[in-house]
Amino acid sequence: MLNINSLIAHLRFVRKKPLVLGRIAKGIFKKSFLRRDVLRTVDLAITGDCHYRCNFCSAHLLYKDKKPYLSIAKIKEVLRESRELGVIHLNLTGGEPLLRDFDEICEIIRSFSPRKNLISMVTNALLLTFEKLNLLKKEGLDTLQLSLESLDAKEHDDMVGVKGSFDKVMQALDYAASLGLNICINIVVDRTSIKRVKDMANLAKEKGAFVVLDTVSSVGRLKDKKELRLDEKYEEEFEGLLKDSYIRHDSSINFSLKRECPGGKERIHISAYGDVFTCPLVQVSYGNVNSEPLKLIYKRLSQYPHIKKEFRLCKHAFDKDYYRTIAGPAERTLKPPIHIDDILKVKQ
């Protein structure tokens, strides 16, 4: 079952949007009582560009070609479909989302019916100003997620490859707090950084924020570097961190009222080119929204046995069978993403 203290803490995310509570209740009813598939969250990459040079970047190989990113018209169409599928939360990501035209970002937020839904954005804060953040809040942004890898300024800057980036994140934390936004601090968790999570949680509590754990994957710049990825030997330590109500992971809060990996069930990632993944760290495409409606892709995706299987934590990190059959083969492809049919053909 869910951590009740964590559930209570997360009610802060909807405290200023009472209309969202009704949509949450509807999602819980459909998922937990009617046993229907209900999508809850869409992670939408609105660009693949980024000025960070993270030594652990998972998207390093994903955005190498010159294909155009999803248009505003297509994004609006996809978001309309996602709301019909039950989605209450849109998470804008990239690359670095603020490298997209700022007016277009505002238009995307407005198109997602902010009064009835939750909208967050993950950013490295390099392009963030108080004025921009204030405008984003007025358009409907609820939550700012800030990427922070270490509380040591030099270590963080070295990891992301940009001098002064730590100070920009700290400044953005203060901006978000002064505007009354919900704040999350995102840290990529591997076998070494897992030791820094508790210190990060202390900072989060001081700032009235949450820590979001993103498990590392052997893709992008970490391709073939499996010595850093978490596996079942770290499962107990990882789950222990989640007992702190101010530390969360994708598995923390679900319409199913269970702690479980939501990838492909309640949460999907749509790349800047339109490919639908269960998770940005498992670069397996189940279809592309430029070629067919999101509704059809989700209906097909949610029926795969490896998606329907329940697992308490992150599948690509801790589920040996899922890693062996899906995530592992995806890591070995030279030009991600790989289509799910190509993986299943190999299995046969």
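The structure reproduced in this document is the subject of the present report. None of the values given here were measured: they were computed from a predicted structure.

**Focus: the sheet that holds strand 2 (residues 89–93)**
With respect to topology, 9 strands assemble into an open sheet ordered 7-6-5-4-3-2-1-8-9, the strand pairing being mixed. Looking at strand neighbours, the two that pair on one side only are strand 7 (247–248) and strand 9 (276–277), the edges of this open sheet. As defined by bridge partners, strand 6 (residues 210–215) adjoins strand 7 across 2 bridges and the pair is classed as parallel. Residue pairing across strands places Val211 opposite Ile247, the latter belonging to strand 7.

**A word on the packing of aromatic side chains**
Per the counting criterion, the structure on display carries 8 aromatic pairs. Each ring, one from Phe238 and one from Phe318, has its centre 5.2 Å from the other, and the planes form 50°; the classification is tilted. Note that Phe238 is positioned in helix 9 (residues 235–241) and Phe318 in helix 12 (residues 315–318), a separation of 80 residues in sequence. Within the aromatic cluster, the residues linked to one another by ring pairs are Tyr63, Tyr69 and Tyr273. Cation over ring: Lys67 sits above Tyr273, and NZ or CZ is 4.6 Å from the ring centre. One cation-aromatic arrangement involves Lys315 over Tyr322; the distance from NZ or CZ to the ring centre is 5.8 Å.

**A word on the pattern of salt bridges**
Close approach of charged atoms allows side chains of opposite charge to pair. Under the defined criterion, the tally for this structure stands at 24 salt bridges. Its salt-bridge partner being Arg191, residue Asp231 comes within 3.0 Å of it at the nearest N-O pair. Of the two residues, Asp231 sits in the loop between strand 6 and helix 9 while Arg191 sits in the loop between strand 5 (182–189) and helix 8 (197–207), which places them 40 residues apart along the sequence. Here Asp319 ties to Lys309 by a salt bridge, and the two come within 3.0 Å at their closest N and O atoms. You can see Asp319 sitting in the loop between helix 12 and helix 13 (320–332) and its partner Lys309 sitting in the loop between helix 11 (305–308) and helix 12, a full 10 residues away along the chain. The exposure class of Asp319 is buried, given its relative accessible area of 4%. Owing to a relative accessible area of 35%, Lys309 belongs among the partly exposed residues under this scheme. Each of Asp43, Asp250 and Arg267 takes part in a single network of salt bridges with overlapping partners.

About the cut-offs
Residues numbered from 1 in each chain as written. Predicted model: local features only at pLDDT ≥ 70, side-chain atom pairs only at ≥ 80, totals over all residues. Heavy atoms only, no water. Pairing = 2+ DSSP bridges. Helix = DSSP H or I, 4+ residues; strand = E, 2+ residues; numbered from the N terminus. Phe/Tyr/Trp six-rings, centres within 6.5 Å; stacked < 30°, edge-to-face > 60°. Lys NZ or Arg CZ within 6 Å of the ring centre and 35° of its normal. Salt bridge = Lys/Arg side-chain N within 4 Å of Asp/Glu carboxyl O. Buried < 20%, exposed > 50% of the residue type's maximum accessible area, 1.4 Å probe, protein only.

The analysis is restricted to geometry; functional conclusions fall outside its scope.
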